[in-house]
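Letter by letter, the chains look like this.
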Amino acid sequence: MRICLLSFHCCPYSLIGGDGVGGMNVYIKELSSALAQFPDVEVDIFTRRQRSDIDTVKTISSSLRVIHLEGGPVGPVDRRDLYEFLPEFIENLEEFLVESQTKYDVVYSHYWLSGLVGEWIKYRFGLPLIHTYHTLGFLKNRALEKEEHDYRIEAERHLAQVSDQIISSSLEEKSILRGEYNLPAVKTKVIYPGVNQEIFRLRGREGETENAEKNNLSLLYVGRIEPVKGLMSIIQALDLIKHDDPGLFSRLHLKIVGGGKKREFVQNREIGRIQETIEDKNLKDQVFFLGSKKQKELRQHYAAADALVVPSLYESFGLVVVEAMACGTPVLVSKIGKMKSIVREGHSGFSFRPNDPASLAACIRYFISHQKSLWPGEKIREDVTGRFSWERTADETYEVFRSQIDNPLRPTTTLPRGGNPLQA
Ligand code: UDP
(Lines give C-alpha, C1' and ligand atoms only; values in the text may rest on other atoms or scores of the structure.)
Protein backbone atom coordinates (compact mmCIF):
# COMPACT_ATOMS: atom_id res chain seq x y z
CA MET A 1 0.00 0.00 0.00
CA ARG A 2 1.58 3.30 -1.09
CA ILE A 3 0.39 6.31 0.87
CA CYS A 4 0.70 9.86 -0.44
CA LEU A 5 0.57 11.89 2.77
CA LEU A 6 0.18 15.67 2.46
CA SER A 7 1.49 18.13 5.00
CA PHE A 8 1.75 21.27 2.90
CA HIS A 9 2.22 23.98 5.49
CA CYS A 10 4.70 22.39 7.85
CA CYS A 11 7.33 19.71 7.80
CA PRO A 12 6.82 17.06 10.48
CA TYR A 13 10.56 16.92 11.00
CA SER A 14 10.98 20.59 11.99
CA LEU A 15 11.29 21.87 15.58
CA ILE A 16 8.00 21.46 17.40
CA GLY A 17 6.51 24.03 19.75
CA GLY A 18 7.09 27.13 17.62
CA ASP A 19 4.43 29.28 16.05
CA GLY A 20 2.14 26.95 14.14
CA VAL A 21 4.32 23.88 14.65
CA GLY A 22 2.75 21.55 17.16
CA GLY A 23 0.61 18.50 17.58
CA MET A 24 -0.07 17.98 13.91
CA ASN A 25 3.65 17.51 13.23
CA VAL A 26 3.95 15.03 16.07
CA TYR A 27 0.86 13.23 14.79
CA ILE A 28 2.21 12.90 11.24
CA LYS A 29 5.70 11.91 12.32
CA GLU A 30 4.56 9.26 14.80
CA LEU A 31 1.75 7.88 12.67
CA SER A 32 3.82 7.67 9.48
CA SER A 33 6.66 5.88 11.21
CA ALA A 34 4.22 3.42 12.81
CA LEU A 35 2.53 2.85 9.43
CA ALA A 36 5.91 2.35 7.76
CA GLN A 37 6.45 -0.67 10.06
CA PHE A 38 3.71 -2.59 8.22
CA PRO A 39 5.41 -4.97 5.75
CA ASP A 40 3.22 -3.85 2.83
CA VAL A 41 3.21 -0.08 3.47
CA GLU A 42 5.30 2.72 1.96
CA VAL A 43 4.71 6.33 2.97
CA ASP A 44 5.77 9.50 1.17
CA ILE A 45 5.14 12.76 3.04
CA PHE A 46 4.92 15.79 0.75
CA THR A 47 5.62 19.17 2.30
CA ARG A 48 6.42 22.74 1.28
CA ARG A 49 10.12 23.47 0.99
CA GLN A 50 11.17 25.81 3.78
CA ARG A 51 14.96 25.52 3.52
CA SER A 52 17.17 25.69 0.48
CA ASP A 53 19.88 23.47 2.00
CA ILE A 54 17.66 20.40 2.27
CA ASP A 55 17.44 17.56 -0.29
CA THR A 56 14.22 17.30 -2.26
CA VAL A 57 13.86 13.69 -1.19
CA LYS A 58 14.87 12.85 2.35
CA THR A 59 14.86 9.14 3.11
CA ILE A 60 13.87 8.40 6.68
CA SER A 61 13.75 4.60 6.28
CA SER A 62 13.31 2.07 3.46
CA SER A 63 9.56 2.69 3.50
CA LEU A 64 9.32 6.32 4.61
CA ARG A 65 10.40 9.46 2.74
CA VAL A 66 9.81 13.20 3.11
CA ILE A 67 9.61 15.08 -0.19
CA HIS A 68 10.11 18.87 -0.17
CA LEU A 69 8.53 20.72 -3.08
CA GLU A 70 8.36 24.41 -3.77
CA GLY A 71 5.17 26.26 -2.88
CA GLY A 72 5.76 29.90 -2.03
CA PRO A 73 8.93 31.51 -0.72
CA VAL A 74 11.59 29.14 0.62
CA GLY A 75 11.47 30.02 4.30
CA PRO A 76 8.88 30.40 7.01
CA VAL A 77 5.60 32.02 5.91
CA ASP A 78 2.67 32.72 8.25
CA ARG A 79 0.20 29.92 7.57
CA ARG A 80 -2.60 32.45 7.09
CA ASP A 81 -0.71 33.66 3.99
CA LEU A 82 -0.04 30.28 2.45
CA TYR A 83 -3.31 29.78 0.60
CA GLU A 84 -2.13 31.69 -2.45
CA PHE A 85 0.84 29.36 -2.91
CA LEU A 86 -1.25 26.20 -3.19
CA PRO A 87 -1.42 26.24 -7.01
CA GLU A 88 2.40 26.32 -7.27
CA PHE A 89 2.72 23.42 -4.82
CA ILE A 90 0.03 21.42 -6.63
CA GLU A 91 1.77 21.94 -9.95
CA ASN A 92 5.10 20.77 -8.53
CA LEU A 93 3.48 17.79 -6.86
CA GLU A 94 1.73 16.76 -10.02
CA GLU A 95 4.97 17.04 -11.98
CA PHE A 96 6.81 15.00 -9.34
CA LEU A 97 4.19 12.25 -9.42
CA VAL A 98 4.12 12.07 -13.19
CA GLU A 99 7.91 12.13 -13.62
CA SER A 100 8.67 9.64 -10.85
CA GLN A 101 5.85 7.38 -12.10
CA THR A 102 5.07 6.53 -8.50
CA LYS A 103 1.64 4.97 -8.17
CA TYR A 104 -0.13 5.65 -4.91
CA ASP A 105 -3.15 3.83 -3.53
CA VAL A 106 -4.47 6.50 -1.25
CA VAL A 107 -4.00 10.20 -0.48
CA TYR A 108 -4.13 11.29 3.17
CA SER A 109 -4.25 15.05 3.80
CA HIS A 110 -3.79 17.01 7.03
CA TYR A 111 -5.28 20.47 7.74
CA TRP A 112 -7.45 22.35 5.27
CA LEU A 113 -4.61 23.63 3.06
CA SER A 114 -3.35 20.11 2.36
CA GLY A 115 -6.95 18.96 1.98
CA LEU A 116 -7.30 21.20 -1.08
CA VAL A 117 -4.10 19.74 -2.53
CA GLY A 118 -5.47 16.28 -1.75
CA GLU A 119 -8.67 16.99 -3.60
CA TRP A 120 -6.71 17.85 -6.69
CA ILE A 121 -4.64 14.66 -6.47
CA LYS A 122 -7.74 12.58 -5.84
CA TYR A 123 -9.35 13.64 -9.10
CA ARG A 124 -6.17 13.80 -11.17
CA PHE A 125 -5.02 10.28 -10.22
CA GLY A 126 -8.32 8.67 -9.20
CA LEU A 127 -7.39 8.01 -5.57
CA PRO A 128 -9.50 7.87 -2.42
CA LEU A 129 -9.02 11.00 -0.31
CA ILE A 130 -8.82 10.63 3.46
CA HIS A 131 -8.70 13.87 5.41
CA THR A 132 -7.95 14.92 9.00
CA TYR A 133 -8.80 18.50 9.92
CA HIS A 134 -6.78 18.69 13.16
CA THR A 135 -8.57 21.94 13.97
CA LEU A 136 -11.70 23.49 12.50
CA GLY A 137 -11.82 27.16 11.54
CA PHE A 138 -15.42 27.75 12.62
CA LEU A 139 -14.72 26.30 16.08
CA LYS A 140 -11.60 28.44 16.43
CA ASN A 141 -13.65 31.45 15.43
CA ARG A 142 -16.28 30.55 18.00
CA ALA A 143 -13.66 30.25 20.74
CA LEU A 144 -11.85 33.43 19.77
CA GLU A 145 -14.24 35.75 18.00
CA LYS A 146 -13.28 35.36 14.39
CA GLU A 147 -9.63 35.02 13.57
CA GLU A 148 -9.62 32.62 10.70
CA HIS A 149 -9.55 33.17 6.97
CA ASP A 150 -12.98 33.07 5.26
CA TYR A 151 -11.57 30.67 2.66
CA ARG A 152 -10.70 28.29 5.47
CA ILE A 153 -14.28 28.02 6.66
CA GLU A 154 -15.54 27.49 3.11
CA ALA A 155 -12.75 25.03 2.26
CA GLU A 156 -13.40 22.93 5.37
CA ARG A 157 -17.08 22.62 4.49
CA HIS A 158 -16.11 21.69 0.95
CA LEU A 159 -13.62 19.06 2.14
CA ALA A 160 -16.34 17.38 4.20
CA GLN A 161 -18.13 16.71 0.92
CA VAL A 162 -15.27 15.71 -1.37
CA SER A 163 -13.29 13.53 1.06
CA ASP A 164 -14.03 9.83 0.89
CA GLN A 165 -13.40 9.46 4.58
CA ILE A 166 -12.68 11.84 7.43
CA ILE A 167 -10.56 10.75 10.37
CA SER A 168 -11.41 12.63 13.49
CA SER A 169 -9.51 12.70 16.80
CA SER A 170 -12.51 12.62 19.11
CA LEU A 171 -16.18 11.70 19.34
CA GLU A 172 -16.90 15.33 20.23
CA GLU A 173 -15.36 16.49 16.95
CA LYS A 174 -17.17 13.78 15.01
CA SER A 175 -20.56 14.83 16.29
CA ILE A 176 -19.83 18.51 15.65
CA LEU A 177 -18.73 17.66 12.11
CA ARG A 178 -21.84 15.60 11.49
CA GLY A 179 -24.11 18.35 12.74
CA GLU A 180 -22.37 21.21 10.99
CA TYR A 181 -21.81 19.53 7.63
CA ASN A 182 -24.72 17.13 7.70
CA LEU A 183 -22.47 14.11 7.18
CA PRO A 184 -23.56 10.47 7.31
CA ALA A 185 -22.08 8.63 10.32
CA VAL A 186 -20.01 6.28 8.13
CA LYS A 187 -18.09 9.12 6.59
CA THR A 188 -16.31 10.07 9.81
CA LYS A 189 -14.26 7.60 11.76
CA VAL A 190 -12.86 8.42 15.19
CA ILE A 191 -9.28 7.31 15.66
CA TYR A 192 -7.49 8.57 18.74
CA PRO A 193 -3.93 9.80 18.46
CA GLY A 194 -1.34 7.97 20.55
CA VAL A 195 1.53 8.71 22.87
CA ASN A 196 5.13 7.69 22.47
CA GLN A 197 5.46 5.42 25.47
CA GLU A 198 9.23 5.10 25.15
CA ILE A 199 9.95 8.82 25.20
CA PHE A 200 7.34 9.68 27.79
CA ARG A 201 8.26 7.37 30.65
CA LEU A 202 7.29 7.33 34.26
CA ARG A 203 8.70 10.16 36.27
CA GLY A 204 11.55 9.38 38.66
CA ARG A 205 11.95 11.18 41.95
CA GLU A 206 13.75 14.12 40.32
CA GLY A 207 11.13 16.84 40.45
CA GLU A 208 9.21 15.52 43.42
CA THR A 209 12.24 15.55 45.71
CA GLU A 210 13.44 18.98 44.71
CA ASN A 211 9.98 20.55 44.92
CA ALA A 212 9.14 18.84 48.20
CA GLU A 213 12.39 19.97 49.81
CA LYS A 214 11.79 23.56 48.90
CA ASN A 215 8.06 23.23 49.53
CA ASN A 216 7.59 24.65 46.02
CA LEU A 217 4.81 23.83 43.59
CA SER A 218 5.85 23.63 40.03
CA LEU A 219 3.20 24.10 37.35
CA LEU A 220 4.02 23.47 33.71
CA TYR A 221 2.54 24.73 30.44
CA VAL A 222 3.61 23.02 27.20
CA GLY A 223 2.54 24.01 23.70
CA ARG A 224 2.31 26.67 21.07
CA ILE A 225 1.74 30.16 22.39
CA GLU A 226 -1.27 31.56 20.64
CA PRO A 227 -4.58 32.94 21.96
CA VAL A 228 -6.55 29.72 21.47
CA LYS A 229 -4.18 27.92 23.84
CA GLY A 230 -5.34 30.15 26.72
CA LEU A 231 -1.95 30.66 28.40
CA MET A 232 -3.10 34.11 29.48
CA SER A 233 -5.63 32.52 31.84
CA ILE A 234 -2.82 30.89 33.83
CA ILE A 235 -1.10 34.26 34.21
CA GLN A 236 -4.36 35.87 35.33
CA ALA A 237 -5.05 32.98 37.73
CA LEU A 238 -1.59 33.46 39.30
CA ASP A 239 -2.39 37.13 39.77
CA LEU A 240 -5.64 36.22 41.55
CA ILE A 241 -3.80 33.80 43.84
CA LYS A 242 -1.20 36.51 44.53
CA HIS A 243 -3.94 38.75 45.95
CA ASP A 244 -5.98 36.10 47.72
CA ASP A 245 -3.24 33.91 49.14
CA PRO A 246 0.25 35.45 49.08
CA GLY A 247 1.69 32.53 51.09
CA LEU A 248 0.65 30.01 48.46
CA PHE A 249 1.64 32.37 45.65
CA SER A 250 5.24 32.58 46.90
CA ARG A 251 5.52 28.78 46.57
CA LEU A 252 4.14 28.60 43.04
CA HIS A 253 6.20 28.53 39.85
CA LEU A 254 5.05 28.32 36.29
CA LYS A 255 7.40 27.02 33.58
CA ILE A 256 6.39 27.64 29.99
CA VAL A 257 7.76 25.33 27.29
CA GLY A 258 7.02 26.27 23.67
CA GLY A 259 6.81 29.39 21.52
CA GLY A 260 9.83 28.53 19.34
CA LYS A 261 13.44 29.33 20.06
CA LYS A 262 13.73 32.17 22.53
CA ARG A 263 15.23 34.52 19.97
CA GLU A 264 12.05 34.10 17.86
CA PHE A 265 9.82 35.30 20.70
CA VAL A 266 9.79 38.89 19.48
CA GLN A 267 7.86 37.86 16.36
CA ASN A 268 5.01 36.34 18.34
CA ARG A 269 2.32 38.83 19.35
CA GLU A 270 0.76 36.60 21.97
CA ILE A 271 4.10 36.11 23.75
CA GLY A 272 4.50 39.90 23.78
CA ARG A 273 1.04 40.33 25.30
CA ILE A 274 1.75 37.72 27.96
CA GLN A 275 5.16 39.15 28.82
CA GLU A 276 3.63 42.61 29.27
CA THR A 277 0.98 41.22 31.61
CA ILE A 278 3.65 39.43 33.65
CA GLU A 279 5.55 42.71 33.90
CA ASP A 280 2.44 44.77 34.81
CA LYS A 281 1.29 42.35 37.46
CA ASN A 282 4.77 41.82 38.81
CA LEU A 283 4.83 38.05 38.33
CA LYS A 284 8.39 37.88 36.97
CA ASP A 285 9.78 35.81 39.82
CA GLN A 286 7.09 33.19 39.36
CA VAL A 287 7.00 32.66 35.58
CA PHE A 288 9.81 31.26 33.41
CA PHE A 289 9.86 30.98 29.62
CA LEU A 290 12.06 28.07 28.55
CA GLY A 291 11.46 28.16 24.76
CA SER A 292 10.65 25.06 22.70
CA LYS A 293 12.21 21.74 23.59
CA LYS A 294 12.70 18.49 21.74
CA GLN A 295 10.42 15.76 23.07
CA LYS A 296 13.29 13.88 24.71
CA GLU A 297 14.03 16.97 26.84
CA LEU A 298 10.36 17.62 27.35
CA ARG A 299 10.02 14.41 29.32
CA GLN A 300 12.18 15.81 32.11
CA HIS A 301 9.97 18.87 32.36
CA TYR A 302 6.80 16.79 32.58
CA ALA A 303 8.51 14.58 35.14
CA ALA A 304 9.68 17.47 37.33
CA ALA A 305 6.32 19.26 37.40
CA ASP A 306 3.70 18.85 40.09
CA ALA A 307 1.04 19.34 37.41
CA LEU A 308 0.66 20.18 33.76
CA VAL A 309 -1.91 22.93 33.15
CA VAL A 310 -3.77 22.86 29.82
CA PRO A 311 -5.96 25.99 29.63
CA SER A 312 -6.99 25.74 25.93
CA LEU A 313 -10.17 27.42 24.69
CA TYR A 314 -10.41 24.88 21.88
CA GLU A 315 -8.52 21.63 21.35
CA SER A 316 -9.28 18.76 19.00
CA PHE A 317 -7.45 16.27 21.25
CA GLY A 318 -4.53 17.62 23.35
CA LEU A 319 -1.41 15.45 22.98
CA VAL A 320 0.34 17.16 25.88
CA VAL A 321 -2.28 15.74 28.25
CA VAL A 322 -1.47 12.12 27.41
CA GLU A 323 2.27 12.79 27.31
CA ALA A 324 2.31 14.27 30.83
CA MET A 325 0.12 11.42 32.11
CA ALA A 326 2.46 8.85 30.52
CA CYS A 327 5.16 10.42 32.71
CA GLY A 328 2.89 9.93 35.74
CA THR A 329 2.17 13.66 36.11
CA PRO A 330 -1.34 14.90 37.01
CA VAL A 331 -3.04 17.33 34.65
CA LEU A 332 -5.32 20.32 35.20
CA VAL A 333 -7.40 20.79 32.04
CA SER A 334 -10.07 23.14 30.79
CA LYS A 335 -13.40 21.32 30.45
CA ILE A 336 -13.48 20.99 26.70
CA GLY A 337 -13.40 18.34 23.95
CA LYS A 338 -11.71 15.02 24.50
CA MET A 339 -9.39 16.34 27.23
CA LYS A 340 -12.07 16.37 29.87
CA SER A 341 -12.62 12.64 29.47
CA ILE A 342 -8.94 11.69 29.23
CA VAL A 343 -8.30 13.16 32.66
CA ARG A 344 -10.24 11.33 35.36
CA GLU A 345 -11.45 13.97 37.76
CA GLY A 346 -10.00 13.49 41.22
CA HIS A 347 -7.80 10.57 40.08
CA SER A 348 -5.38 11.87 37.45
CA GLY A 349 -6.18 15.58 37.70
CA PHE A 350 -8.90 18.19 37.85
CA SER A 351 -10.73 20.44 35.42
CA PHE A 352 -11.85 24.07 35.27
CA ARG A 353 -13.95 26.29 33.01
CA PRO A 354 -12.10 27.51 29.89
CA ASN A 355 -11.23 31.21 29.66
CA ASP A 356 -12.09 31.68 33.32
CA PRO A 357 -9.04 32.63 35.44
CA ALA A 358 -11.08 32.49 38.68
CA SER A 359 -12.13 28.91 37.95
CA LEU A 360 -8.50 28.00 37.16
CA ALA A 361 -7.24 29.72 40.33
CA ALA A 362 -9.78 27.70 42.36
CA CYS A 363 -8.71 24.53 40.55
CA ILE A 364 -5.02 25.15 41.36
CA ARG A 365 -5.85 25.68 45.03
CA TYR A 366 -8.06 22.61 45.12
CA PHE A 367 -5.33 20.57 43.43
CA ILE A 368 -2.79 21.68 46.01
CA SER A 369 -4.96 20.62 48.92
CA HIS A 370 -5.96 17.31 47.27
CA GLN A 371 -2.71 16.50 45.49
CA LYS A 372 -1.94 13.54 47.74
CA SER A 373 -5.30 11.90 47.12
CA LEU A 374 -4.68 11.55 43.38
CA TRP A 375 -3.58 8.23 41.88
CA PRO A 376 0.11 7.42 42.17
CA GLY A 377 2.22 8.13 39.05
CA GLU A 378 2.26 4.46 37.95
CA LYS A 379 -1.52 4.34 37.86
CA ILE A 380 -1.82 7.66 36.02
CA ARG A 381 0.57 6.30 33.42
CA GLU A 382 -1.19 2.96 33.12
CA ASP A 383 -4.52 4.66 32.66
CA VAL A 384 -3.29 6.50 29.61
CA THR A 385 -0.90 3.96 28.06
CA GLY A 386 -3.65 1.33 28.15
CA ARG A 387 -5.84 3.58 26.03
CA PHE A 388 -3.49 5.41 23.65
CA SER A 389 -0.58 4.22 21.49
CA TRP A 390 0.63 5.16 18.02
CA GLU A 391 0.63 1.47 17.05
CA ARG A 392 -3.09 1.34 17.74
CA THR A 393 -3.62 4.60 15.83
CA ALA A 394 -1.67 3.12 12.88
CA ASP A 395 -3.63 -0.18 12.92
CA GLU A 396 -6.96 1.63 12.79
CA THR A 397 -5.76 4.08 10.13
CA TYR A 398 -4.49 1.19 8.01
CA GLU A 399 -7.94 -0.41 8.20
CA VAL A 400 -9.57 2.81 6.98
CA PHE A 401 -7.17 2.97 4.03
CA ARG A 402 -7.70 -0.70 3.22
CA SER A 403 -11.47 -0.40 3.19
CA GLN A 404 -11.31 2.68 0.95
CA ILE A 405 -8.87 1.05 -1.47
CA ASP A 406 -10.88 -2.19 -1.62
CA ASN A 407 -14.20 -0.46 -2.07
CA PRO A 408 -14.70 0.57 -5.67
CA LEU A 409 -18.09 2.04 -4.77
CA ARG A 410 -16.83 4.36 -2.09
CA PRO A 411 -19.55 6.80 -1.06
CA THR A 412 -17.96 9.92 -2.50
CA THR A 413 -20.22 12.93 -2.67
CA THR A 414 -18.46 14.71 -5.46
CA LEU A 415 -19.18 18.35 -6.04
CA PRO A 416 -18.63 19.94 -9.40
CA ARG A 417 -15.03 21.14 -9.53
CA GLY A 418 -16.18 24.72 -9.29
CA GLY A 419 -17.01 23.96 -5.67
CA ASN A 420 -13.34 24.08 -4.80
CA PRO A 421 -12.54 27.53 -3.39
CA LEU A 422 -9.16 27.34 -5.10
CA GLN A 423 -10.96 27.84 -8.37
CA ALA A 424 -12.99 30.80 -7.23
N1 UDP B 1 5.92 20.04 21.79
C2 UDP B 1 7.28 19.82 21.68
N3 UDP B 1 8.12 20.79 22.10
C4 UDP B 1 7.69 21.95 22.66
C5 UDP B 1 6.30 22.15 22.78
C6 UDP B 1 5.43 21.16 22.34
O7 UDP B 1 7.72 18.78 21.18
O8 UDP B 1 8.51 22.77 23.00
C9 UDP B 1 4.99 18.99 21.31
C10 UDP B 1 4.30 18.26 22.44
O11 UDP B 1 5.11 17.20 22.92
C12 UDP B 1 3.01 17.76 21.75
C13 UDP B 1 2.77 18.79 20.66
O14 UDP B 1 3.95 19.58 20.56
O15 UDP B 1 3.23 16.49 21.17
C16 UDP B 1 1.58 19.68 20.96
O17 UDP B 1 0.41 18.98 20.67
P18 UDP B 1 -1.02 19.36 21.25
O19 UDP B 1 -1.99 18.37 20.71
O20 UDP B 1 -0.96 19.46 22.72
O21 UDP B 1 -1.30 20.82 20.71
P22 UDP B 1 -1.47 21.39 19.20
O23 UDP B 1 -0.13 21.91 18.81
O24 UDP B 1 -1.93 20.25 18.35
O25 UDP B 1 -2.48 22.47 19.31
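Residues numbered from 1 in each chain as written. Predicted model: local features only at pLDDT ≥ 70, side-chain atom pairs only at ≥ 80, totals over all residues. Heavy atoms only, no water.

Caption draft 1: Broad picture of unusual backbone geometry. Look at Asn182: it is not a glycine, yet its phi comes out positive at around 55°. Here Asn182 lies in the loop between α6 (171–181) and β8 (188–190). Positive phi is not limited to glycine here, since Asn282 has a value of about 55°. Among the secondary structure elements, Asn282 is positioned in the loop between α10 (269–280) and β11 (287–291). (Helix = DSSP H or I, 4+ residues; strand = E, 2+ residues; numbered from the N terminus.)

Caption draft 2: Quick look at the sheet that holds strand β1 (residues 2–7). What the 8 strands build is an open sheet, ordered β3-β4-β2-β1-β5-β6-β7-β8; its pairing is mixed. Of all the strands in the sheet, the pair left with one neighbour each is β3 (57–61) and β8. The average undirected angle you get between the axes of adjacent strands in this sheet is 20°. Summarising the sheet, strand β2 (residues 42–48) and strand β4 (residues 64–69) pair through 6 bridges and their orientation is parallel. Bridged to Phe46 within β4 is Ile67. (Pairing = 2+ DSSP bridges. Axes fitted to C-alpha atoms, helices over the stretch in contact; angles between N-to-C directions.)

Caption draft 3: Quick look at the side chain of Ser63. One can find Ser63 in the loop between β3 and β4. With relative accessibility at 14%, the residue Ser63 sits in the buried group. Only 3.2 Å separates the side chain of Ser63 from the backbone oxygen of Ala36, close enough to count as a polar contact. The contacts of Ser63, once residues within four sequence positions are left out, are Ala36, Val41, Glu42 and Val43. (Buried < 20%, exposed > 50% of the residue type's maximum accessible area, 1.4 Å probe, protein only. Polar contact = N/O pair within 3.5 Å; in protein donor to acceptor, adjacent residues only side chain to side chain. Contact = heavy atoms within 4.5 Å.)

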